[in-house]
Amino acid sequence: MNRPLAALLLFAAAAAPASAQSPALAAGSWPAVDGYADGRGVAVELDSASPFGLSDFGTEAGTPTRAVATLFLPAEAGRARVPAVVLLHGAAGVLYQREMTYARQFQAMGVAALVIDVFAARRDRATGFIERLLEITETMMIADAYAGLRFLARHDAVDPARVALMGFSYGGMASVLAAYAQVAEKAAPDGLRFAAHVAFYGPCIARLEDRRATGAPVLMVWGGEDALIDPERCAEIAGDLRAGGAPVRTIAYPGAFHQWDGAWEGPFEIGRSLASCRFRVSRAGIARDRWTFLPMTDPWLRRIILGLCADADGYKIGRDDRVRAMSNRDVGRFLAAAFAAGERGDG
């Protein structure tokens, strides 16, 4: 190698930011933050799409969409490439007590966070609670999640090999689905993949015929008293992902209800439970109800299918700081291990 070229390579290596680790994550002790004041984020837009179902990716039905998100960069960003987490909200939308607080905690621990507001970019489709669940699908959430991954992968301060996806309830369901190779190939044909997937109390509804996984580790956590979760069904989906090549861990917290990390004291009952709903996703990407075999291809059919399978009884939610401390510990250690593997290049 000639001297000028060698000098140029040495200069580039010195100028490139090194990778940063987050010891606080591994310690499992998360900092207290003021969700309304600490570490203000920056509003960003993402190039995304709005596919109603998996088969709509890359078609005219998958309308291009400018998704909106809030980016939180830690102080370490710029001096070193930091790991990052993309956060997907639940059916209630982005909550300061939950997504925004987690984001600020990540930021304080040296991890970038991108909170995506899936509903905000699609207010022309739906605004009410029920309307949103019918018109704004988990597939659109997945599209936004991978749009967030592409955005972070291009960011100078972020290590693209250490970006995780973390979702809550509705977003938790999307986080698990995004761990399947069939879904990733549709959403990110460029080959970008998440380093890890975390699902907080995500309903286990859809099983894919194609069990291939991306290979990234998956963590599924839920409450032992959560009526929205069918543990046997979740075990089946975890087994599918393991068979497809993903390390999967499931944790049920005894005595915990849905949304233990929210703002509302409880427990009190809301909504209708979807725990009994069962869908099968074909290799062509079509989701069908197990009883009626109806395809979930538009809002009208989605309304019929969910109306037939949802239980009349609701499910209880309730804040539980004791459980939140346990899930912080478990999620922190899981992400620390996934980020360490990504830094070594063995993820």
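Our structure is the block above this text.
Residues numbered from 1 in each chain as written. Predicted model: local features only at pLDDT ≥ 70, side-chain atom pairs only at ≥ 80, totals over all residues. Heavy atoms only, no water.

Once that is clear, we can look at the overall build of the chain. What the chain contains, in helices and strands, is 10 helices and 14 strands. Its C-alpha atoms give the chain a radius of gyration of 20 Å, near enough to 20 Å, the size a compact globule of 347 residues would have. Along the longest, intermediate and shortest principal axes, the C-alpha atoms of the chain span 70 × 45 × 40 Å. Residues classed as buried in the chain amount to 54% of the 347 residues present. Contacts spanning at least 24 positions in sequence make up 80% of the contacts within the chain whose residues lie at least 6 apart. Total accessible area on the chain is roughly 14,700 Å²; 55% of this is exposed by carbon and sulfur atoms. One way to put it: in the chain the 37 positive side-chain charges average out to a point 4 Å from where the 38 negative ones average out. (Helix = DSSP H or I, 4+ residues; strand = E, 2+ residues; numbered from the N terminus. Rg over C-alpha atoms; globule rule 2.2 N^0.38 Å. Buried < 20%, exposed > 50% of the residue type's maximum accessible area, 1.4 Å probe, protein only. Contact = heavy atoms within 4.5 Å. Areas by Shrake-Rupley, 256 points an atom, 1.4 Å probe, with all protein chains shown as cover. Lys, Arg positive; Asp, Glu negative; His and termini not counted. Charge placed at Lys NZ, Arg CZ, Asp CG, Glu CD.)

Our next topic: the packing of aromatic side chains. For the structure shown, the criterion picks out 10 aromatic pairs. With a centroid separation of 5.1 Å and an interplanar angle of 55°, the aromatic rings of tryptophan 30 and phenylalanine 106 are classed as tilted. One end of the pair, tryptophan 30, is in the loop between α2 (23-27) and β2 (42-50); the other, phenylalanine 106, is in helix α3 (residues 96-108), and 76 residues separate them in sequence. Note on tyrosine 201 and tryptophan 260: the rings are 5.1 Å apart at their centroids and 80° apart in plane angle, and the pair reads as edge-to-face. With a gap of 59 residues between them, tyrosine 201 in the loop between β7 (196-200) and β8 (206-208) and tryptophan 260 in the loop between β10 (248-253) and β11 (268-270) connect regions that are remote in the sequence. Among the residues examined, tyrosine 201 registers a relative accessible area of 0% and is labelled buried. What links up through ring pairs into an aromatic cluster is the set Trp30, Tyr102, Phe106, Phe168, Phe200, Tyr201, Tyr253 and Trp260. Here the basic side chain of arginine 324 rests over the ring of tyrosine 102, its NZ or CZ set 4.5 Å away from the ring centre. (Phe/Tyr/Trp six-rings, centres within 6.5 Å; stacked < 30°, edge-to-face > 60°. Lys NZ or Arg CZ within 6 Å of the ring centre and 35° of its normal.)

The subject of this paragraph is the sheet that holds strand β13 (residues 287-289). Read across the open sheet, the 3 strands follow the order β8-β12-β13; overall the sheet is mixed. A strand with exactly one partner marks an edge of an open sheet, and here the two such strands are β8 and β13. Neighbour to neighbour, the strand axes of the sheet diverge by 30° on average, direction disregarded. One ladder, built from 3 bridges, connects strand β12 (residues 279-281) with β13; its direction is antiparallel. Along β13, the bridge assignment pairs phenylalanine 279 with aspartate 289. Those strands touched by helix α8 (residues 231-243) are β8 and β12, and its axis lies near 25° from that of β8. (Pairing = 2+ DSSP bridges. Axes fitted to C-alpha atoms, helices over the stretch in contact; angles between N-to-C directions.)

As enumerated under the stated definition, the model contains 2 disulfides in all. The disulfide bridge from cysteine 204 ends at cysteine 234, spanning 1.9 Å between sulfur atoms. A torsion of 100° about the S-S bond marks the disulfide between cysteine 204 and cysteine 234 as right-handed. Of this pair, cysteine 204 sits in the loop between β7 and β8 while cysteine 234 sits in helix α8, placing them 30 residues apart in sequence. Considered together, cysteine 204 and cysteine 234 belong to a single accessibility category, that of buried residues. (Disulfide = S-S within 2.5 Å.)

We now examine the environment of alanine 164. Along the chain, alanine 164 turns up in strand β6 (residues 158-168). For alanine 164, a relative accessible area of 0% puts it in the buried group. C-alpha separation for the pair alanine 164 and valine 218, spaced 54 residues apart in sequence, amounts to 9.9 Å. When sequence neighbours within four positions are dropped, the list of residues in contact with alanine 164 reads Ala84, Val85, Val86, Phe194, Ala196, Leu335 and Phe339.

In this section: the side chain of aspartate 56. Among the structural elements, aspartate 56 can be located in the loop between β2 and β3 (63-72). Of the side chains bearing the opposite charge, arginine 125 lies closest to the buried aspartate 56, which forms no salt bridge; the N-O distance is 8.7 Å. Every residue in contact with aspartate 56, bar those within four places of it in the chain, is listed here: Pro51, Ala61 and Gly62. (Salt bridge = Lys/Arg side-chain N within 4 Å of Asp/Glu carboxyl O.)

Within helix α6 (residues 170-177), 8 of the 8 residues are buried, which leaves the element mostly enclosed by the surrounding structure. Taken residue by residue, α6 has Tyr170, Gly171, Gly172, Met173, Ala174, Ser175, Val176 and Leu177 as its buried positions.

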